[in-house]
Amino acid sequence: MNFSAWAIQRPLPALMLFFVLCVAGLWGFHELPVARFPDIAFPMTTVTITQPGASPSQLEAEVTRRVEDSVATIPNIKRVMSNVSEGVSTTSIEFHLETDLATALDDTRDAVTRIRTDLPQDIQEPVISKVDIGGSLMTYAVVAPKLRPDELSWFVDREVTRAMYGVPGVAQVKRVGGVDRQVRVDLDPDALQAFGVTAGDVSQQLARIQVERAGGKAELDGEQQVIRTVGTIADANALRGYSISLPDGRSVRLSAVARITDAAADPTEAALLDGKPVVAFSMSRTRGSSEVAVAEGVERALEQLKADHAGVDFQLVTTVIEETERSYESSMTMLWEGALLALLVVWFFLRDWRATWVSAVALPLSIIPTFAVMHWFGFSLNLITLLALSVVVGILVDDAIVEIENIVRHLRMGKKPIDAARDAAAEIGTAVIATSLTLAAVFVPVAFMPGIAGKFFREFGWTAATAVMFSLLVARLLTPMMAAYLLKPHGEEKAESKLMTWYLGWVDAALRHRGRTLWIATGLFIASLAIVPFIPATFIPTSDLGRSNLSLELPPGTTLQDTTAVAERARRQLESIPELKQVYTAVGSVLDVGDPSKSGVGEPRKATLILDWGSADDRERDQKTLERIARSKIADLPGVRVSYISTEPGEMMQLVLAGDDPQRLQSAATTLERDLRGIDGLGSVTSSASLLRPEIVIIPDPARAADLGVATADIAEAARIATAGDYEQRLAKLNLPERQVPIRVGFAESTLANPALIGQLRVRGKDGPVPLAAVADIRAGSGPSQISRYQRQRNVTFTAELNGRPLGEVMTEVQALPGVQQLPDGVSFLNTGDSEVFIELFVGFAIAMVAGLLCIYMVLLLLFNHALMPLTILTAVPLCAGGAFGALLLTQNMLSLPALIGLLMLIGIASKNSILLVDYAVMAEDEHGLSQHDALIDACRKRAQPVIMTTLAMGAGMMPIALGFSGDSSFRAPMAIAVIGGLITSTLLSLIVIPAAFTVIDDVGEWMARKFRHRSSHPAPAEG
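These numbers were taken from a predicted model, which means no experiment stands behind them.

An account of the overall build of the protein is requested, with residue identities and associated values reported.
From N to C terminus, the protein includes 32 helices and 30 strands. The principal-axis extents of the C-alpha atoms in the protein amount to approximately 120 × 75 × 60 Å. Residues counted as buried form 56% of the 1024 residues belonging to the protein. In the protein, of all internal contacts separated by at least 6 residues, the share reaching a separation of at least 24 is 81%. Carbon and sulfur atoms make up 57% of the accessible area of the protein, which totals about 43,300 Å².

Structure representation (structure tokens):
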């Protein structure tokens, strides 16, 4: 059925169809969330088990290995990674992308439940959670001069957190810095010794006294009543009079053996803004929510908090929203710029404003319905999907250009508009359908690529393919119908131009020397491939976000105060950089970038300085230059490991050495780290090889302990309670109306500074308390501060800053290092992180190219019903290579994810040009009775203009992207440059080479037909 003729005869159904599609599209656009990148993360669950005070080695043996062995039985696991630090074991289970996260979470929970009884009894309850938060979105500092640090911290914990969780899309709110309120019972060692009581006795007695418990039920006066025992207090001063039982039966007031204060717990982290202590909080969004909508909701909630609490203000210190908004606005701007340039091309060739208007309608009517499909697929308006729409702007108008150009040609034959529209649409129908389906055949297969790169290609592929199919619908229904009723009759057909005469002379020469023509084309393709080794390869091009995350890592055992002092010293040394606008410092906590492998674990010896450089448009030096300057200014900090934490893919390289033998692993890690530091151009190279932390090791004497009736567990508990307090779940609590405040019993920090204190600690024996030194030897020792495990083996992870160098180039150098080539037995080398994704990207791209070519062949085979004609059309694909690779090399762009997207697009775009030529040549032979030579000359005469028009329209549509007229174009530009370069060579060469290739392949088809005794039969194209 000829849909175009039907639409011309019955215009109202077509108009109503597009009205409904546009309404759905506008609704979808309103509902689509806005984000910078697609929500890309592997399905991952984490098992966190806390045992305060436990050493990493102890946790690895008693907890981590058992958890890993149990979760290893879960299906669809990609990898298991563990990180063990003091008191905390975290096991991350990463699943394959297609795994349902809810099912994975249930399976993880069941696996931990099975081994719960095998784990130590004094651990806190395991926390099993899923990782579905996309990193920190914004961080605010709270300014309240009238509030004490503990009051301000509670204000953030209660009021701010409650308000933030009321904002749709907020997934997590985390306080940074500040202090926790705590009732401190600081014991007097001399008083304990005098009264013969231990720190554990005091803590346990308080925990038994300070309780509120159910006491059963009773019936009084015919009514059932609940019995409740209440032994809690709401004032810390009331603790002073509490009686503590002594071993000899006497009792003593708590105030006689301790100093009681309602104060704050020892700080474990700190936050500073330009050197001033602050209490800050950061927020993360749920996946699928709009970054911009969440930010607007947060701002409204904070304005309400400021109105309700006088004297409190909020200062934004870090945000990713600005970059998201810039990306969104620049992408939308490029969409309009590209559309206008494409329409200018149409007007330049046709010089008919009515024809230009008909072509212009194709753009909004193709793009707006696409938003409805994007919403249905669960996509967002991000850099990838908006890029897809931006680059297909020129393509969307292509079908309309081909239709309208052919209609105008028929009008110049003297036909009436309605007859010209009907005849031209029927003549061009198969070619238009073939070109659109060819592009869809390229985009749809890449949407199924595996891995992280596949996530990018999925949103790009479906968005582009959907827009192209809607453009086909417009071209077959609306464009002929509008042309029939809006265009006016034209004058006589124009005489052939000198340029056309010159071009047809070249075509005639190519047909007469077709062998030489094809050999020259083959040579150009081989020369194009020779360019590839000179183009550096990476995952995603580096971008200038105006923000750097500088990490400082001090030796194990460094106190929070010392780390803060070093961080401040570093900040003061960086103040002289004129571009530096603001420095936010977080000490003891980690920066949440949404990836646990990059975030690490917070420790008092670690600090992160977030350096705000301002917008890239407001400064001359780029971010990478400023980072190198900053590194050089703090290079003299003694004993500090300096590195940058990347929040963008493609900026860091991660490598892993794994093995069961710790000594061999450590030796191999030392060698590889030395080799990595010798690679030119790399920034900081850091290793997770465990640094040793100082320890006090208590070794019980079995004989003496047995004589005095002291158990090893009692020794450990006495030391733990006296120095760090009892476990959180065992502590007595101070009951307040809105919360409970823990009562911590132990020695004060000033008391713990005495090195002889540990030996004087009292341990309960059979005849009363005895000094710890009487039953154990106390020695200075050391142990690993952190243990990393990968796939149930110990591992060492290396992280290297690429410093702008191509990831592929650096990986090639790494593979050639002696430390990689000569690994000890039992130690394996693995690529992880961006390195692993990089390999997946290029393997997946190769598969996608083959799949795309096969899909194009099958589509053309079905449309033209001829086995060899698709090969003629696909001959145009290699002709793109020289322009695409040459353009990347000349503009010094890397072969990266966006460039690969451009190369995939070129497969379909190049096929469009040859389809227009081949389709008309076949028609001229079969329907007009022309010879092969004359049919090809006529095809080139009739179709050269639409080929050039569509090429220029596509190039013009992508020109704003390639030139980066607005926003940071580092991601978009490589793709547009590759496409424009490929378009130039493909169009110029295909207009000459495709006719020559047609004759060769057509003659081969004729020979095969005669050989197998079939009649010569060119395909008869069906009307579309």
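On we go from here.
Can you explain the pattern of salt bridges? Please cite residues and give values.
Summed over the entire model, instances satisfying the criterion amount to 32 salt bridges. The salt bridge involving E159 is made with R158; its shortest N-O contact spans 3.7 Å. For E159, a relative accessible area of 25% translates into the label partly exposed. Overall, the relative accessible area of 27% leaves R158 in the partly exposed class. Residue R184 is joined to D186 by a salt bridge in which the shortest nitrogen-to-oxygen separation is 3.7 Å. On the accessibility criterion, D186 (7% relative accessible area) is buried.

How would you sum up the pairing of strand 3 (residues 88-95)? Please name residues and give values.
With respect to burial, strand 3 is a largely interior element, six of its eight residues being buried. Examined bridge by bridge, strand 2 (residues 77-85) and strand 3 share eight bridges and lie antiparallel to one another. In the sheet register, V80 faces strand 3, and the bridge partner there is I93.

Residue-level account of the packing of aromatic side chains, with values.
Under the defined criterion, the tally for this structure stands at seven aromatic pairs. A ring pair is formed by Y140 and F281, whose centres lie 5.8 Å apart and whose planes are at 20 degrees; its orientation type is stacked. Note that Y140 is positioned in strand 5 (residues 133-143) and F281 in strand 14 (residues 276-286), a separation of 141 residues in sequence. Accessibility expressed as a relative area gives 6% for Y140, which makes it buried. For F281, a relative accessible area of 0% puts it in the buried group. Arranged with centres 5.5 Å apart and planes meeting at 45 degrees, the rings of F377 and F379 form a pair that is tilted. A relative accessible area of 26% places F377 in the partly exposed class. The exposure class assigned to F379 is buried, which follows from its relative accessible area of 3%.

Which residues make up the packing of helix 15 (residues 498-512) against helix 32 (residues 973-1011), and what are the values?
Where helix 15 meets helix 32, the closest approach of the two axes is 9 Å, and the angle between their N-to-C directions is 35 degrees. Crossing hand, helix 15 versus helix 32: right-handed. Along its contact with helix 15, which presents Y503, W506, V507, A510 and L511, the element helix 32 presents L991, I992, P995, A996 and T999. Counted by class, the contact of helix 15 with helix 32 contains nine nonpolar, one polar and no charged residues.

Break down helix 30 (residues 897-926) for me, with residues and values.
Since the α-helix advances by 3.6 residues per turn, residues separated by three or four positions end up pointing in the same direction. For helix 30, built from 30 residues, the straight-helix expectation of 44 Å at 1.5 Å per residue is met to within 8% by its first-to-last C-alpha distance of 44 Å. In helix 30, a bend of some 25 degrees at L906 exceeds every other bend along the element. Counting buried positions over the 30 residues of helix 30 gives 29, a clear majority of the element.

Quick one: what's the story with unusual backbone geometry, residue by residue and with numbers?
For N76, which is not glycine, the phi torsion reads 65 degrees and is therefore positive. Here N76 shows up in the loop between helix 3 (56-71) and strand 2. Not every positive phi belongs to a glycine, and D274 is a case in point at roughly 50 degrees. As for its placement among the helices and strands, D274 is situated in the loop between strand 13 (270-273) and strand 14. A relative accessible area of 36% places D274 in the partly exposed class.

Could you give me a rundown of the nonpolar core, with the residues and numbers involved?
V391, F460, Y503, L895 and M905 are the most contacted members of the largest nonpolar core, which totals 126 residues. Setting aside anything within four residues of it in sequence, one finds V391 in contact with F460, M905, M958, I961 and M975.

A description of the sheet that holds strand 23 (residues 732-735) should follow, citing residues and the corresponding values.
Reading across from one edge, 12-7-24-23 is the order of the four strands in this open sheet, with mixed pairing throughout. The open sheet is flanked by strand 12 (258-264) and strand 23, the only strands paired with a single partner. Across this sheet, the average inter-strand angle for adjacent strands is 25 degrees, counted without regard to direction. Contacts from helix 7 (residues 199-209) reach strand 7 (181-187), strand 23 and strand 24 (740-746), with the element oriented near 155 degrees to strand 24.

Can you break down a nonpolar patch on the surface residue by residue, with the values?
On the surface, W347, F348, W353, W357, I418, Y485 and L486 cluster together into a nonpolar patch covering about 790 Å² of accessible area. Looking at the nonpolar patch, the elements with two or more residues in it are helix 9 (321-350), helix 10 (353-377) and helix 14 (451-486). Structurally, the position occupied by F348 is in helix 9.

If you had to explain the side chain of T139 to someone new, which residues and values would you point to?
You can see T139 is positioned in strand 5. What makes T139 buried here is its relative accessible area of 5%. In this structure T139 touches A280, F281, S282, Q315, L316, V317, T318 and Y584, once residues within four positions along its chain are discounted.

Tell me about the side chain of T385, residues and numbers included.
In this structure, T385 sits in helix 11 (residues 383-391). Judged by relative accessible area, T385 falls into the buried class, the value being 0%. Dropping the residues within four chain positions of it, T385 is found in contact with M374, F379, S380, E459 and T463.

Please provide a residue-by-residue account of a negative patch on the surface, values included.
On the surface, a cluster of negative charge is contributed by E296, E299, E322, E325 and E329. Counting residues per element, the ones that place at least two in the negative patch are helix 8 (291-308) and helix 9. Top contributing element to the negative patch by residue count: helix 9, with three residues. Structurally, E329 is set in helix 9.

Describe the environment of Q225, listing the residues and the values that go with them.
Inspection of the secondary structure assignment puts Q225 in strand 9 (residues 223-230). Apart from the residues lying within four places of it in its own chain, the contact partners of Q225 are G216, K217, A218 and L220.

How would you explain helix 10 if you had to name every residue and give the values?
Taking 1.5 Å as the rise per residue, helix 10 with 25 residues should run 36 Å; its terminal C-alpha atoms sit 37 Å apart, in good agreement. G378, located one to two residues past helix 10, shows a positive phi value of around 80 degrees.

How would you explain the state of the cysteines if you had to name every residue and give the values?
Tallying each qualifying case throughout the model produces zero disulfides. Lacking any disulfide linkage, C855 is separated from the closest cysteine sulfur, that of C880, by 18 Å. The thiol sulfur of C880 is not disulfide-bonded, and the nearest other cysteine sulfur, from C940, lies at 17 Å. Using a relative accessible area of 5% as the deciding quantity, one classes C880 as buried.

Any chance you could break down the packing of helix 31 (residues 932-963) against helix 32 for me, citing the residues and the numbers?
In contact at an axis separation of 9 Å, helix 31 and helix 32 are set at 170 degrees when each is read in the N-to-C sense. It follows from the interaxial angle that helix 31 and helix 32 lie roughly antiparallel. Partitioned by chemical class, the residues of the contact of helix 31 with helix 32 number 19 nonpolar, five polar and two charged.

I'd like to hear about the environment of V211, residue by residue, with values.
For V211, the position within the fold is in the loop between helix 7 and strand 8 (212-220). Once the C-alpha coordinates of V211 and E94 are considered, the two residues, 117 residues apart in sequence, prove to be 42 Å apart. With near-sequence residues (within four places) excluded, V211 lies in contact with T229, V230, G231 and T232.

Give a description of the pairing of strand 8 that names residues and reports values.
Bridge analysis of strand 8 against strand 9 gives seven bridges, and the strand direction is antiparallel. The residue bridging A214 from the neighbouring strand is R228, located in strand 9. With antiparallel pairing between neighbouring strands as the criterion, strand 8 and strand 9 make up a hairpin whose turn holds two residues, including D221 at a positive phi of roughly 55 degrees.

Run through the confidence of the model for the protein, naming residues and quoting values.
Of all residues in the protein, 92% attain a pLDDT of 70 or more, and the chain-wide mean is 80. Counted against residues more than four places away or in other chains, residues 1020-1024, with its pLDDT under 50, gives 14 contacts.

Cut-offs and rules
- Residues numbered from 1 in each chain as written.
- Predicted model: local features only at pLDDT ≥ 70, side-chain atom pairs only at ≥ 80, totals over all residues.
- Heavy atoms only, no water.
- Helix = DSSP H or I, 4+ residues; strand = E, 2+ residues; numbered from the N terminus.
- Buried < 20%, exposed > 50% of the residue type's maximum accessible area, 1.4 Å probe, protein only.
- Contact = heavy atoms within 4.5 Å.
- Areas by Shrake-Rupley, 256 points an atom, 1.4 Å probe, with all protein chains shown as cover.
- Salt bridge = Lys/Arg side-chain N within 4 Å of Asp/Glu carboxyl O.
- Pairing = 2+ DSSP bridges.
- Phe/Tyr/Trp six-rings, centres within 6.5 Å; stacked < 30°, edge-to-face > 60°.
- Axes fitted to C-alpha atoms, helices over the stretch in contact; angles between N-to-C directions.
- Left-handed = near helix turned anticlockwise from the far one by under 90°.
- Nonpolar A, V, L, I, M, F, W, Y, C, P; charged D, E, K, R; others polar.
- Expected span 1.5 Å × (residues − 1).
- Bend = angle between axes of the 7 residues up to and from the residue.
- Core = buried A, V, L, I, M, F, W, Y, C linked by side-chain atoms within 4.5 Å.
- Patch = residues over 30% accessible without salt bridge, like charges linked within 9 Å, V, L, I, M, F, W, Y side chains within 5 Å.
- Lys, Arg positive; Asp, Glu negative; His and termini not counted.
- Charge placed at Lys NZ, Arg CZ, Asp CG, Glu CD.
- Disulfide = S-S within 2.5 Å.
- Parallel < 35°, antiparallel > 145°, perpendicular 65-115°, else oblique.
- pLDDT = per-residue confidence, 0-100.

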